[in-house]
Each structure stands twice: as C-alpha cells, then as structure tokens.
Amino acid sequence: MSSLAHADRDTRRELPVRCMACGTVHSGTRPITACPDCGGLLDAVIDTDQALTPADLAPRPGTPGATSGVWRFAALLPAIPERDIITRWEGNTPLYADERLAAYTGLDDGQVRVKHEGHNPTGSFKDRGMTVAVSHAKAIGSALVACASTGNTSASLASYASAAGMPSLVLIPEGKISAGKLAQTIALGARVVQVEGDFDVALRLLRELTADGSVYLANSVNPFRPEGQKTIVFELLDQLGWNAPDVIALPGGNLGNTSAFGKALSEAYQVGLIDRLPRLATIQAAGAAPFAAYYASGFDHYEPVQAETLATAIKIGDPASVERARRSIEQTSGWVTSVTDAEIMDAKAWIDRIGIGCEPASAASLAGVRKLVADGEIARDATVVCVLTGNVLKDTDAITAYHLDGTPDVNRYANPPVSIPATMDALRRVVDDAIHG
Ligand code: F0G
C-alpha cells in the first residue's frame, strides 16, 4: 500500500466506536471507554460490507501481519497506522487435538481441540488485545497507559508499554494474584500499585481516574482491547479451514473475551468467512459467577457477587462487560455455566498430565464442557474447541497446593514428587514403580 493510500485510510475512518446502548458513533481518536452521551459500552466499528476470503487474511510480507497472528487479520481490525503498531509476534498459537481431552469431557473421540493462548509472548491471551490497545494509545499520543488486573493483563501491559517506550501503571488487588504474575509485571517494567481490596475495587478506582481521558485505560472495557482478542476466533477458524466448530468454550471473568468472541463470530459470518455460528459456552468459577446467575435468570436479573475462587485470574464479582457478553451469548444461542474449584483443578491436572499444561482459570473451559455434556446440553458428537487462556507457569502456587499439599482422595490426579536416600537400591525401586505402575 502506498503511503498516500495509507494516510487517506487513516483520516477517512478515524477509528470510529459505537455505543451499544444508544447507537451513537464517536471518534476513537481519543481515549474513550464509555459513551459520552449515555455511559454505555462501546464497540469499535468494523467495515463488514466487503466480502472477504481466507486469502485476504494471509500473512503479508513487509507488514506487521507477517509475524503477528493478530495483525494478519487487519482487514477486520481498527485501521491503526502501521507506523504506530507495537507487536511482539503475538498469536500464532497452537490448536491441539488429543484423544484424552475427548475422553475427559465425555465427547466422542477426536471431537475436542484446545486453542492454547498460553503460547503468547507473556503467556496469556491478553497479548492479542494489548498489541491493539497499546498501538492505539501510541497512535493517539497518550502519555501513560494503565490497567487494573488479576495478573495477566498487567504482565501483558507492562511488556507492550515497555516495548513501546511508554510508562505503564497497574493496579492489582493486594495479596490476591499469583506470585509469578506479580513478579512478571514488576520485571517487565510497570509501576505496580497494590490496592487494598479486590479486583472490582481496583477497576472502579482506575475507571474514575481515567474517565477524563488523561490516562489511557487498557482494560477490556476499552473497545480496542477486544478487537485484538477477536483474532483468537479468526485464527482457530483458519486452523480449521474455516469450518466452524459446533461449540467454542472459554473461561469468563471480566467478560472481555466473551464480548470479543461474539463480535468476531458475527463479523466472520457477515463477511462470508463462515456459513454458521458456533455456540459460545462461557464458564465461570462457582464462587465468581454473577454472569452465570444472570443467564440462569433468562438475563432478567443481574447482581454482582463477592468473588471467591482458587482460579485467581477470574476472581471477579462485578464484570465490566456484562452487557456486551450477554449479546454474544444471545447471538450465538450460547450457554453460561459455572464449575467448582475442585472441578477446575481436576481438569487442570488432566490437561497438565497429558503434556499440555495451563493455569487454573484456563481449565474452566474443559471442566465446563464436561459438565454441559453430562447435562445433555452439548451432544456427544459435537465438535468443540476449548480455549486455554494462560500458561502452566503462571500460577505455580496452585500446582504445589494441588499436588503436594492436598490429599490424593480429594485431588484425583495428584502427582507428588518422592524423596529417596542417595542409594541405587532406592532409585531402582522408583524406576520399577515408574515402569510397572
Ligand atoms: N483466563 C485467564 C488466564 C485470565 O487472566 C482471565 C482474565 C480470564 C481467563 C477471563 O477473561 O476477563 O475476558 O472474561 N484476566 C484479567 C486480568 C481479568 O486482569 O488478567 P475475561
């Protein structure tokens, strides 16, 4: 593309965002996370009038999309000028198939795949949203980027802001995120503020601070963040040859991903890339499941909760994107359900021991599918993709607690290490046991 054509495109489109409540379109060339007219949630406006084919989305040499699994889908993303794009080769994550996944869920052989977002540069799916948000912040000249986080958003923001040479500020609930995520965020250069209170309190505080646009809010209420996260769906569809699966299952916390997935699916459908919509299944932790309760009420009654779960990534009692996520579930005739911490940790241990590995919140997707199959909601011959949102090393405290500190009759797949004296006899006994079980 010539530089003239590029400039034309930038000024013409102005990165518009539309309020999902009142429909008003605003310019996204300033930091904006709520409709100035009615306070509603915003969506980036994407041009879906032109039909697209998979060839239009192939990585193009010489563009950020040559190496980024997000920017190769630029035709379905906000038109941020290429010169402002901060990319760390995010995306391009594997879609694994393993018979043992199907066995765990009760689905027929070969019907379950997992899309492993833990393979992103900072170890979670947040990098896909952050490349868009931080590039947008750079394009509009923001001086400081900030987020509230349960640990993954903060690590991702720290990385992309530092890559851009921008300062970043993160608010985390004190003592409530994993040690690894806190260490990662500190190491990658963010200014870390530990707030007394939970994630919901931290996010409320930050939304107030950023309301006037002087600080760029990088949480998923920002309409540019979910845009990057749409590419999880585009990429998995591409990996399936654009044959849509029956179900896509994902964990739900602040509900940015659920919002992004519904938007991705409806846009892919509108431009003709897929001919039917998969059903979304959003899975919450039982102690942090206000969206599941809202769904159970027929989306009639929403009430925040005081969140409590071992899956600290999704320990959120008042998700910011409830209404956008509701639209995703309604548009795809999806489900919202919840699973207990024991179900999450057993599913995680299963995913780990078949050699894949993920953090606790991620495993809610597989645990939720197992429950929906047992309940007869998902048919045994359905094709299902579960999204694993974070890397196994994100929360080693949870691993130790399950395998070393728990009791095997409770933690079904516990695999504690054995200690031996430094003798060949003792070592041979362990070898015998490893071979013969
Ligand atoms: N899985 C992981 C590993 C997460 O870190 C998160 C959210 C989710 C699932 C839920 O995604 O919020 O889009 O529904 N983590 C945020 C954070 C809240 O601050 O890192 P969601």
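The structure displayed is predicted, hence computed values, not measured ones.

J.: Give me the lowdown on the site of the ligand, citing residues and values where you can.
T.: In the vicinity of the ligand lie 20 residues, with Ser 149, Gly 253, Asn 254, Leu 255 and Thr 389 positioned nearest. Within the contact set of the ligand, an oxygen atom lies 2.8 Å away from a backbone nitrogen or oxygen of Thr 153. Here the ligand has 470 Å² of accessible area as a free molecule, and 99% of this is covered by the chains. Of all the cavities here, the one that holds the ligand is the largest cavity. Among the secondary structure elements, those contributing two or more residues to the shell around the ligand are helix 4 (152-164) and helix 8 (256-270). Its residues assigned to classes, the shell around the ligand shows seven nonpolar, 11 polar and two charged.

J.: Residues and numbers for the packing of aromatic side chains, please.
T.: Inspection of the entire model under this criterion finds eight aromatic pairs. Ring plane angle 40° and centroid distance 5.0 Å describe the contact between Tyr 104 and Trp 350, whose orientation is recorded as tilted. One end of the pair, Tyr 104, is in helix 2 (residues 99-105); the other, Trp 350, is in helix 11 (residues 341-353), with 246 residues separating them in the sequence. Aromatic rings pair up to connect Phe 291, Tyr 294, Tyr 295, Phe 299 and Tyr 302 into one cluster. Geometry around Tyr 104 places Arg 370 over its ring, the cationic atom sitting 4.3 Å from the centre.

J.: Account for the nonpolar core, naming residues and giving values.
T.: Counting residues in hydrophobic clusters, the biggest one holds 41 residues, and the most contacted among them are Leu 101, Ile 351, Val 369, Ile 378, Val 384 and Cys 386. In terms of residues, this core owes the most to one element, helix 12 (residues 360-374), which gives eight residues. Ranked by size, the runner-up nonpolar core spans 38 residues in total, among them Val 233, Phe 234, Trp 242 and Leu 255.

The rules behind these values
Residues numbered from 1 in each chain as written. Predicted model: local features only at pLDDT ≥ 70, side-chain atom pairs only at ≥ 80, totals over all residues. Heavy atoms only, no water. Near = heavy atom within 4 Å. Polar contact = N/O pair within 3.5 Å; in protein donor to acceptor, adjacent residues only side chain to side chain. Areas by Shrake-Rupley, 256 points an atom, 1.4 Å probe, with all protein chains shown as cover. 1 Å grid on protein atoms, 1.4 Å probe; cavity = no way out; pocket = protein on both sides within 12 Å on 5 of 7 lines; lining within 4 Å. Sits in = over half its atoms within 2 Å of the grid points. Helix = DSSP H or I, 4+ residues; strand = E, 2+ residues; numbered from the N terminus. Nonpolar A, V, L, I, M, F, W, Y, C, P; charged D, E, K, R; others polar. Phe/Tyr/Trp six-rings, centres within 6.5 Å; stacked < 30°, edge-to-face > 60°. Lys NZ or Arg CZ within 6 Å of the ring centre and 35° of its normal. Core = buried A, V, L, I, M, F, W, Y, C linked by side-chain atoms within 4.5 Å. Buried < 20%, exposed > 50% of the residue type's maximum accessible area, 1.4 Å probe, protein only.

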